[in-house]
Amino acid sequence: MPSLEECTSFVSDPSCGAISTFTGITRNNFQGKQVVKLSYEGYVPMAERELGKICTEATQKYPSIVKIAAVHVLGDCPVEAASVILCASSPHRKDAMYGVEFLIDELKARVPIWKREVYREGDGESVWKENIEWFQGKQQRIMVKADVNNNETLSS
């Protein structure tokens, strides 16, 4: 996976005064259990296609975005390592910042990548995790349905 520096370099553009980034890092704990690593699996052709759609949607929603970098690890990701890096550049900060927020929220809701949390021996078995997103101030599971005929996305 490219580094944060490589992703930032990729989105850098002389017309842009802002680069916003998000890096998701594997933490060492969850609900009192010691996490040793995360392990990700994904359906690569569909994940790449969906991530491409999300990047296109981000540039439509935030039209001053000039470049986007979006990468996600598959396989094992040890504690303190990056599992996802998102970067966006724009002439001014707001579109880059809001664009990156949009990218991570949509990636977690729509891209077919699954996460397994692996715990220290004695803290229990590893667990496959569902993404829980925030919606209207509440933590809840988000299902996204797309109507491709009408080019609409519906959240429930």
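Please read these numbers as outputs of a predicted model, since none were measured by experiment.

### Quick word on the packing of helix α2 (residues 44-61) against helix α3 (residues 93-110)
Move 1: The N-to-C vectors of α2 and α3 enclose an angle of 150 degrees; their axes lie 10 Å apart at closest approach. Once α2 is placed against α3, the crossing between them reads as right-handed. In contact with Glu-50, Leu-51, Lys-53, Ile-54, Cys-55, Glu-57, Ala-58 and Lys-61 of α2, α3 contributes Phe-102, Leu-103, Glu-106, Leu-107 and Arg-110.
Move 2: By residue class, the composition of the contact of α2 with α3 is seven nonpolar, no polar and six charged.

### Some words on the nonpolar core
Note that soluble globular proteins tend to have their nonpolar side chains buried in a common cluster.
Move 1: Counting residues in each nonpolar core, the largest one holds 24 residues, and the members touching the most others are Tyr-40, Ile-68, Leu-86, Leu-103, Leu-107 and Val-111.
Move 2: Among the secondary structure elements, those contributing two or more residues to this core are β3 (33-42), α2, β6 (82-90), α3 and β7 (113-119).
Move 3: In terms of nonpolar packing, the next biggest core, distinct from the first, is built from six residues, Cys-7, Val-11, Val-71 and Cys-87 among them.

### Description of unusual backbone geometry
Comment: phi is negative for the bulk of residues other than glycine, and the bulk of peptide bonds are trans.
Move 1: Here Gln-31, not a glycine, exhibits a phi torsion of approximately 45 degrees, which is positive.
Move 2: If you trace the backbone, Gln-31 turns up in the loop between β2 (29-30) and β3.
Move 3: At Glu-80, a residue that is not glycine, the phi angle is positive and equals roughly 75 degrees.

### Observations concerning the pattern of salt bridges
Move 1: Under the counting rule described, the total for this entry stands at seven salt bridges.
Move 2: Salt-bridge contacts for Glu-50 lead to Arg-110; the nearest nitrogen and oxygen are separated by 2.7 Å. On the criterion of sequence distance, the pair formed by Glu-50 in helix α2 and Arg-110 in helix α3 is long-range, its members being 60 residues apart. Exposure class is identical for Glu-50 and Arg-110. Each is buried.
Move 3: A cluster of three or more residues bridged by salt bridges with shared partners is formed by Glu-50, Lys-53, Glu-57, Glu-106 and Arg-110.

### Observations concerning α2
Each turn of an α-helix holds 3.6 residues, which means side chains three or four residues apart point in the same direction.
Move 1: Between the first and last C-alpha of α2 there are 25 Å, a value that for 18 residues agrees with the 26 Å anticipated at 1.5 Å per step.
Move 2: Those residues of α2 not exposed but buried are Ala-47, Glu-50, Leu-51, Ile-54, Cys-55 and Ala-58. Taken down its axis, α2 places every buried residue within 145 degrees of arc, on the same side. Those residues of α2 that are exposed and aimed more than 90 degrees away from the buried face are Glu-48 and Gln-60.
Move 3: Looking at the buried positions of α2, the neighbouring elements they touch are β4 (67-72), α3 and β7.

### What about the packing of aromatic side chains?
Move 1: Summed over all chains, the structure comprises two aromatic pairs.
Move 2: Ring geometry for Tyr-62 and Tyr-98: centres 6.3 Å apart, planes at 35 degrees, overall tilted. Of this pair, Tyr-62 sits in the loop between α2 and β4 while Tyr-98 sits in helix α3, and the two are 36 residues apart along the sequence.
Move 3: Tyr-62 gets classed as buried once you look at its relative accessible area, which sits at 14%.
Move 4: Residue classification places Tyr-98 among the partly exposed residues on the basis of a relative accessible area of 40%.
Move 5: Three or more aromatic residues joined by ring pairs form one cluster here, namely Tyr-62, Tyr-98 and Phe-102.
Move 6: The ring of Tyr-119 carries the charged tip of Lys-33 above its face, separated from the ring centre by 4.8 Å.

Parameters at a glance
Residues numbered from 1 in each chain as written. Predicted model: local features only at pLDDT ≥ 70, side-chain atom pairs only at ≥ 80, totals over all residues. Heavy atoms only, no water. Axes fitted to C-alpha atoms, helices over the stretch in contact; angles between N-to-C directions. Helix = DSSP H or I, 4+ residues; strand = E, 2+ residues; numbered from the N terminus. Left-handed = near helix turned anticlockwise from the far one by under 90°. Contact = heavy atoms within 4.5 Å. Nonpolar A, V, L, I, M, F, W, Y, C, P; charged D, E, K, R; others polar. Core = buried A, V, L, I, M, F, W, Y, C linked by side-chain atoms within 4.5 Å. Buried < 20%, exposed > 50% of the residue type's maximum accessible area, 1.4 Å probe, protein only. Salt bridge = Lys/Arg side-chain N within 4 Å of Asp/Glu carboxyl O. Expected span 1.5 Å × (residues − 1). Arc of directions from axis to C-beta. Phe/Tyr/Trp six-rings, centres within 6.5 Å; stacked < 30°, edge-to-face > 60°. Lys NZ or Arg CZ within 6 Å of the ring centre and 35° of its normal.

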